[in-house]
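In case you want the letters, here they are:
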Amino acid sequence: MKKPLYGIFKILYDHYGPQYWWPAETPFEVMVGAVLTQNTNWRNVEKAINNLKRAGALSSPKKILSMPERKLAALIRPAGYFNIKAKRLKSMVGFYVSTLGVGRKIAGRLKTKRFRDELLSVNGIGPETADSILLYSFGRRVFVVDAYTRRIFSRHGYFASDLGYEHIRRLFEESLPPDAKLYNEYHALIVRLGKDFCRTVPKCELCPLSHERK
DNA sequence: GACCAGGCACATC
DNA sequence: GATGTGCATGGT
């Protein structure tokens, strides 16, 4: 019998302690980072975010909207895919200003399901980016699934490696207490574990979960 | 020089 | 509905 997912959380938490996610100064910065980190090393994202900060582009969403796309792309160059991500940032910030409202008043009234659907309709925001924004920027109770989650838990036999995003998300949400703080910490711990051990080594004996393997 | 990193949209079958 | 491909930098 496999250890419950909540048990895995406890192992990780005992091993690593709190992760204090998301690494950003403001909720808006979380949203920008969520787009920039798509298939990209966080170190590269940090360089791009620092460029944006120096340019004053994170102090107000409208600065990003008024900035020429080429200039925006140049600033986020270190994060890779800079042309496509410049477009995605523009559409994401457009949504932030128009639909969510600058004071986030509208967002507060949206139910999470509706909020998620709205985010998914924005160009450049897919399931993981939407869920990262919902959880880490707005504190909504949504479990974030990423490549590490899929890789680690499929290797440990919890599901097939090609199981769909929504199925994996549902599995975690239905197996865990409904607690946004828990989801926050759990996803961060999974990423921490993935960075440490589960990159290219399928079975690493140093992994804190290795003794849980059947 | 190959391989990878906290995905997504779009084309094609 | 599933599968393949382009997007791009910087670290190991």
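The rules behind these values
- Residues numbered from 1 in each chain as written.
- Chains lettered and ligands numbered in written order.
- Predicted model: local features only at pLDDT ≥ 70, side-chain atom pairs only at ≥ 80, totals over all residues.
- Heavy atoms only, no water.
- Near = heavy atom within 4 Å.
- Polar contact = N/O pair within 3.5 Å; in protein donor to acceptor, adjacent residues only side chain to side chain.
- Nonpolar A, V, L, I, M, F, W, Y, C, P; charged D, E, K, R; others polar.
- Salt bridge = Lys/Arg side-chain N within 4 Å of Asp/Glu carboxyl O.
- Helix = DSSP H or I, 4+ residues; strand = E, 2+ residues; numbered from the N terminus.
- Buried < 20%, exposed > 50% of the residue type's maximum accessible area, 1.4 Å probe, protein only.
- Contact = heavy atoms within 4.5 Å.
- Phe/Tyr/Trp six-rings, centres within 6.5 Å; stacked < 30°, edge-to-face > 60°.

With that out of the way, let us pick up the protein's contact with DNA strand C. Near DNA strand C you find Asn-39, Arg-43, Asn-44, Lys-47, Arg-77, Pro-78, Gly-80, Tyr-81, Phe-82, Asn-83 and Ile-84, and these make up its full shell. One of the side-chain N or O atoms of Lys-47 is found 3.3 Å from a phosphate oxygen in DNA strand C. Contacts to DNA strand C include Phe-82, whose backbone N or O atom sits 3.3 Å from a phosphate oxygen. Among the residues making up the surface near DNA strand C, the classes are represented as four nonpolar, four polar and three charged.

Opposite charge on two side chains permits pairing when their charged atoms draw close. Going through the model one piece at a time under the given rule, you end up with 12 salt bridges. Between Arg-169 and Asp-131 there is a salt bridge, with its nearest N and O atoms 3.9 Å apart. Linking Arg-169 in helix H11 (residues 165-175) with Asp-131 in helix H9 (residues 127-137), this pair joins segments that are 38 residues apart in sequence. Ionic pairing is found between Glu-166 and Arg-169, a salt bridge with its closest N-O pair at 2.9 Å.

The next point concerns the environment of Ile-168. Tracing the backbone shows Ile-168 in helix H11. The exposure class of Ile-168 is buried, given its relative accessible area of 0%. Not counting chain neighbours up to four residues away, the residues in contact with Ile-168 comprise Val-145, Thr-149, Arg-150, Phe-159 and Leu-163.

According to the stated counting rule, one finds 16 aromatic pairs in the structure shown. Relative to Tyr-186, the ring of Phe-153 has its centre 6.4 Å away and its plane inclined at 70°; by these criteria the two rings are edge-to-face. Highlighted residues: Phe-153 in helix H10 (residues 147-155) and Tyr-186 in helix H12 (residues 180-196), separated in sequence by 33 residues. Summarising the burial analysis for this pair, Phe-153 and Tyr-186 share the class buried.

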